[in-house]
Amino acid sequence: MIDVKNLTKRYVGRTAVDNISFEVGQGEIVGFLGPNGAGKTTTLRMLTSYLPPSSGTVSIAGFDVFRDSLKARKQIGYMPENVPLYEDMRVKEYLYFRAKLKGLSGKDMRERIGKVMDRCGVTDVRKKMISSLSKGYRQRVGLADTLVHSPQLLILDEPTNGLDPNQIRQVRELVKELGQDHTILISTHILPEVEATCDRVIIISEGKVRASDTPQNLVNRLRTAGTISVEVKADPSAAADKMTRIVGVRKVAKDSVDEDGWCRFTLRVEASSDVREELYNMAIANHWPLRELARHHATLEDVFVEVTQSEQV
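These lines cover the structure that appears in this document, whether it is placed above or below. All values derive from a computational prediction rather than experimental measurement.

Where strand β1 (residues 2-11) lies against strand β2 (residues 14-24), seven bridges are found, and the strand directions are antiparallel. Opposite I2, over in β2, you have V24 as the bridge partner. Hairpin connection, β1 to β2: the antiparallel pair is bridged by two residues, and G13 has positive phi, about 90°.

Structure below.
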């Protein structure tokens with residue numbers, strides 16, 4: 001569905017996207033992740049023909065987005081991070097306007113608008129002014145606009161931006177449902193949503209693709225096995241120094257020290273290491289009262305942090 005080869009975008013004094021290549025297959029839901037300034041939005045804008053590249057090629061459903069721009073764009077439903085809506089229009093009126101711009105008319109247009117309003121949950125507000133809608137409903141209207149011309153590919157840039165937890169859950173369920181009929185490329189900072197929704201993840205940092213695989217495979221290949229939480233009553237500096245010397249411990253972070261002298265630490269450990277027994281023995285040997293010792297398995301967030309800090313997965 002998406003075929004990106006050696007895509008590059010340069011501005012004066014900097015390279016926003018640096019010779020990246022990736023593919024997204026028909027029917028996949030793929031998370032497109034990266035820190036702020038990594039080149040995500042620039043890449044999405046090139047995929048949708050909004051920005052021309054400095055070099056490289058992009059094809060959507062077999063159409064080159066630069067040589068066959070109109071044909072390629074007919075295959076795409078794009079929802080930008082900040083959905084541009086006409087606030088002085090009613091919801092149904094706005095969707096009719098957008099459908100006409102996308103070439104729909106007559107009975108097909110009316111039926112399609114009815115379907116997308118139902119699917120996106122905006123039928124009950126179809127007669128309301130967009131200016132009166134909550135953030136959640138505005139996102140839903142933007143998604144209905146994205147779907148109105150029945151595109152094969154949906155490109156969603158931060159679709160849950162500014163939503164509350166209940167609204168985020170609703171959008172997540174909607175995206176999973178849409179994945180049954182569409183290929184979806186979704187950019188978001190909410191990593192648990194990616195783990196719950198996406199078949200595959202592409203991580204971009206400093207304009208380059210740093211990793212591409214299923215969330216579980218990326219976690220399995222991570223050099224760290226996750227973290228260990230320890231809470232002891234001890235001198236913070238001395239305890240941290242001793243923990244750092246344990247073989248397999250990559251980093252010790254002091255999280256907190258309360259007024260009673262209890263110190264909480266988070267240890268990042270190597271993938272092949274489980275140092276809980278050594279920590280327990282250390283606490284006994286040094287007469288540290290021990291209140292917590294727990295292992296937390298690696299998550300996609302750990303992968304994201306390690307990859308975007310220019311370390312190899």
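This next bit is on helix α5 (residues 135-147). Here α5 is 13 residues long and its end C-alpha atoms lie 19 Å apart, about the 18 Å a rise of 1.5 Å per residue gives. Across the 13 residues that make up α5, a large majority, 10, are buried. When we look at burial in α5, the residues that qualify are G136, Q139, R140, V141, G142, L143, A144, D145, T146 and L147. Packed against the buried residues of α5 are β6 (76-79), α3 (91-101), α4 (106-120), β7 (153-157) and α6 (165-178).

Pairing is antiparallel in the open sheet, where four strands are placed in the order β2-β1-β4-β5. Of all the strands in the sheet, the pair left with one neighbour each is β2 and β5 (63-64). Pairing of β1 with strand β4 (residues 55-60) involves five bridges; the strand directions are antiparallel. When the sheet's bridge partners are listed, K5 is paired in β4 with T57.

Cut-offs applied
- Residues numbered from 1 in each chain as written.
- Predicted model: local features only at pLDDT ≥ 70, side-chain atom pairs only at ≥ 80, totals over all residues.
- Heavy atoms only, no water.
- Pairing = 2+ DSSP bridges.
- Helix = DSSP H or I, 4+ residues; strand = E, 2+ residues; numbered from the N terminus.
- Expected span 1.5 Å × (residues − 1).
- Buried < 20%, exposed > 50% of the residue type's maximum accessible area, 1.4 Å probe, protein only.
- Contact = heavy atoms within 4.5 Å.

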